[in-house]
Amino acid sequence: MSQQAHPPFEAAEPETPNLDFAGTTPYEDYVKADVLTHLQHTLSDDPGEMVFLVTTQVMELWFTVIVHEWETAAQALRSDRVPAAIAALKRSVRELEALNASWKPLGQLTPAQFNAYRSALGEGSGFQSAMYRRLEFLLGEKSASMLVPHRGAPRVHAELEKTLHEPSLYDEVVRLLARRGHDIPASVLQRDVSLRYEPAEAVEAAWTAVYAGDESDELARLGEALTDVGELVWRWRNDHLVATRRAMGAKAGTGGSAGVAWLEKRARKNVFPELWTARSHV
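Residues numbered from 1 in each chain as written. Predicted model: local features only at pLDDT ≥ 70, side-chain atom pairs only at ≥ 80, totals over all residues. Heavy atoms only, no water.

So, about the side chain of Thr-55. With respect to the helices, strands and loops of the structure, Thr-55 is situated in helix H3 (residues 48–78). We classify Thr-55 as buried; its relative accessible area is 9%. (Helix = DSSP H or I, 4+ residues; strand = E, 2+ residues; numbered from the N terminus. Buried < 20%, exposed > 50% of the residue type's maximum accessible area, 1.4 Å probe, protein only.)

The next thing to look at is the pattern of salt bridges. Counted by the stated rule, this structure contains 15 salt bridges. A salt bridge links Glu-264 to Arg-245; the nearest nitrogen and oxygen atoms lie 2.6 Å apart. With Glu-264 in helix H12 (residues 260–267) and Arg-245 in helix H11 (residues 218–248), this residue pair connects regions lying 19 residues apart in the sequence. A relative accessible area of 28% places Glu-264 in the partly exposed class. Exposure remark for Arg-245: the relative accessible area of 42% places this residue in the partly exposed category. Each of Glu-71, Arg-134 and Glu-159 takes part in salt bridges that share partners, so that together they form one network. (Salt bridge = Lys/Arg side-chain N within 4 Å of Asp/Glu carboxyl O.)

Let us look at the environment of Asp-46. In this fold, Asp-46 is placed in the loop between helix H2 (33–36) and H3. Under the relative-accessibility criterion, Asp-46 is labelled partly exposed at 25%. As a C-alpha pair, Asp-46 and Ala-116 span 70 residues in sequence and 6.4 Å in three-dimensional space. Residues in contact with Asp-46, not counting those within four places in the same chain, are Ala-116 and Tyr-117. (Contact = heavy atoms within 4.5 Å.)

Right, let's get into unusual backbone geometry. Note on backbone geometry: most residues besides glycine have negative phi, and most peptide bonds are trans. Although it is not a glycine, Lys-32 sits at a positive phi angle of roughly 60 degrees. The phi torsion at Asp-80 lies on the positive side, around 60 degrees, for a residue other than glycine. Relative to the helices and strands, Asp-80 is located in the loop between H3 and helix H4 (82–101). Since its relative accessible area comes to 34%, Asp-80 is described here as partly exposed.

Spelled out as structure tokens, the structure:
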């Protein structure tokens, strides 16, 4: 008896997505893409200015996400939720990698290409970024003078001032070390947190003890998450330095900054300093 042939399997047609909305699309309502894609107002006729402007705006968005992650980590550390802090720091590592990749569209600029639209920046400089300044404050790189450029923007100034006077992410880490039994002096724990963090021998000793112990301990894992962050912050600063060198050499920066000279000084500094020096003693 012949076997009846079966028709070949036919995949069901995918349902047509809903295309008819009373107002804007739910995607637009959530992402605000129309706002984001119409924030670009170039000031020169050079086509390269659009790349510079969009890349800078993307950097600002990454600063915003990273600040959120580090504030989340600091809050978790205050309540001894170390795994939650590590998770936020690890997310920020991926975000820092994406932020650092933002230099690629700008990193090959020749002086002539940059000069084609540099005058459009006027006195504008990344040095004036309030969100980047909040990011630096969270790392412990604090200075009250950095609030001055933002006096004309009350909301921005208030947010930055709040971050200045709150413990930095690293301050919360050091306080955690003390709660976990490490001998951190009162002079470190009760320092004026609105000032730049300065390295302390007792903190270095604490990290030396952490790294000489169990590598699976949550303090050791916290230390490594912070080290990953510190390394990428260092790479960010160096990539900024190299991109600036290529585009403008040793000329003064926009906004009156010292340009390459100032960036070179920043690139020599490590954040979370004792995490790096403690390694020499393990």
